[in-house]
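Each chain is listed here by its residues.
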Amino acid sequence: MFRIIVILIVRGINNVWKRGKYAELNRNCLCYGSILLALIYYNCVIRAAINSARRVLSEPVAELEDLRFEPDTSVVEYFLDPDEPTKPRLPDAYIIGVRKCGTLAVADFLGVHPDIVLVDKELHYFDNLFSNGIDWYKSNMPAAADYQVVVERCPSYFTNAAVPEKIFKTNPDAKIILGVRDPIQRSISEYAQMEKEANGKFFKPYREFAFIQGNMGRLNENWTALQDGLYAKHLQPWLRYFPRRQLFIFKAEDLVAEPAKVLKRLQVFLQIRFYVSAAHFKANGTGAFPCIVDPADTERECLNGTLRATSVQHPRIEWGIIHNLKIFFRQHVNDFHNITGIRFGWI
Ligand SMILES: Nc1ncnc2c1ncn2[C@@H]1O[C@H](COP(=O)(O)OS(=O)(=O)O)[C@@H](OP(=O)(O)O)[C@H]1O
């Protein structure tokens, strides 16, 4: 482009120089000037169009609105076909974490979908029990039909850098589902969980875990409740094995506020029919979190009765501590935004 412009200008000057005529100079200026302007205009318009197309194509999967599917309410009866052959299958998708970021809720919501089969417990095969061997892992798999998607949930996978390679070698096409949340709230949730597990015994206050020597001087960055919130760092090993399009990231905050929207996108990502819709959600007894209603099992409890096991009362944390945590996490959240392209709006 630049070369064409330079050639045109040089040719114009050359013509004038050779012939020495002012009339020729005017004609040349007019002619090449207009060509130059047209090229600059064309260049701007085309570049703007290419850039905007690039932006749309690079939108993260989690932020894509999909309007192709409408809920298919006949799907329950259709898939309750006792003759559909099923056999144990390795997972097609993994909910890898982050701990305390809605992993149980999202698995529960997916679980009502007739195209989804959940592995029924946290197996910890890829982080703790790998030496048990693949046959042990296979023996823990649920039976599923060919059209169904088998999903395993193990929220400790995300922060273990050795896991992505092992999952990749088992299934390079695996779909990875990751829930994230304001890392400060996540750390408080983890602390609240630890405190609850102490079962009434004395438990150190949050600040004594979060700061070295308990005063607000230096943060104890190695405390897992803070470490697990360094999402950008923990995501790197996953991106070494799995392309971005195989990764679905959702915000736990969205799962609470707009569960149907998150589920809509998740169904598109998993390439299953649009079945779970807003009609499936109701507020639970306390009103804090939404619950899913399963038309095939009307007796079903919220989060299969485990809601109380994961949702615990948070302690009140002083403003000064929150301020220090904001300073600590700000850069990490920015890095995470740059890697994923998602705006989180936390800090
Ligand atoms: N619908 C619904 N019901 C219950 N909880 C919900 C829901 N949606 C999101 N969340 C958020 O999930 C947080 C618990 O996350 P996990 O299930 O990943 O916890 S765990 O790691 O398995 O212990 C839990 O954390 P807390 O707020 O600390 O209780 C919730 O914020």
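Values in this document were obtained by computation on a predicted structure and should not be read as measured data.

The rules behind each value
Residues numbered from 1 in each chain as written. Predicted model: local features only at pLDDT ≥ 70, side-chain atom pairs only at ≥ 80, totals over all residues. Heavy atoms only, no water. Helix = DSSP H or I, 4+ residues; strand = E, 2+ residues; numbered from the N terminus. Near = heavy atom within 4 Å. Polar contact = N/O pair within 3.5 Å; in protein donor to acceptor, adjacent residues only side chain to side chain. Areas by Shrake-Rupley, 256 points an atom, 1.4 Å probe, with all protein chains shown as cover. Nonpolar A, V, L, I, M, F, W, Y, C, P; charged D, E, K, R; others polar. Buried < 20%, exposed > 50% of the residue type's maximum accessible area, 1.4 Å probe, protein only. Pairing = 2+ DSSP bridges.

I'm lost on unusual backbone geometry in this one. Help?
For residues that are not glycine, phi is negative in most cases, and the peptide bond is trans in most cases. That bond from G97 to V98 is cis: its omega, -5°, falls within 30 degrees of zero. Within the fold, V98 resides in the loop between β2 (93-97) and α4 (103-111). Despite not being glycine, H124 shows a phi value in the positive range, around 55°. Relative to the assigned elements, H124 resides in the loop between β3 (116-118) and α5 (134-139). One non-glycine residue with positive phi stands out, namely N199, at about 55°. In this structure, N199 sits in the loop between α7 (183-197) and α8 (206-210).

Help me understand the site of the ligand, please; the structure alone is not making it clear to me.
Taken together, 21 residues form the shell around the ligand, and within it T103, R153, S189, P290 and H314 come nearest. In the environment of the ligand, an oxygen atom lies 3.2 Å from a nitrogen or oxygen atom belonging to the backbone of C101. The side chain of H314 places a nitrogen or oxygen atom 2.7 Å from an oxygen atom of the ligand. Taking 650 Å² as the accessible area of the ligand by itself, protein coverage stands at 93%. Considering every element that reaches the shell around the ligand, the biggest residue donor is α4, with 4 residues. When grouped by side-chain class, the residues that make up the shell around the ligand number 11 nonpolar, 6 polar and 4 charged.

Explain the pairing of β2 here, please?
The side chains of a regular strand alternate between the sheet's two faces. Burial analysis of β2 places 5 of its 5 residues in the buried class, the great majority of the element. Here β2 pairs with strand β5 (residues 149-153) via 3 bridges, running parallel. Bridge pairing in β5 places A93 opposite V151. Relative to strand β6 (residues 175-180), β2 is paired through 4 bridges, and the arrangement is parallel. Within β6, the position partnered with I95 by the bridge is I177.

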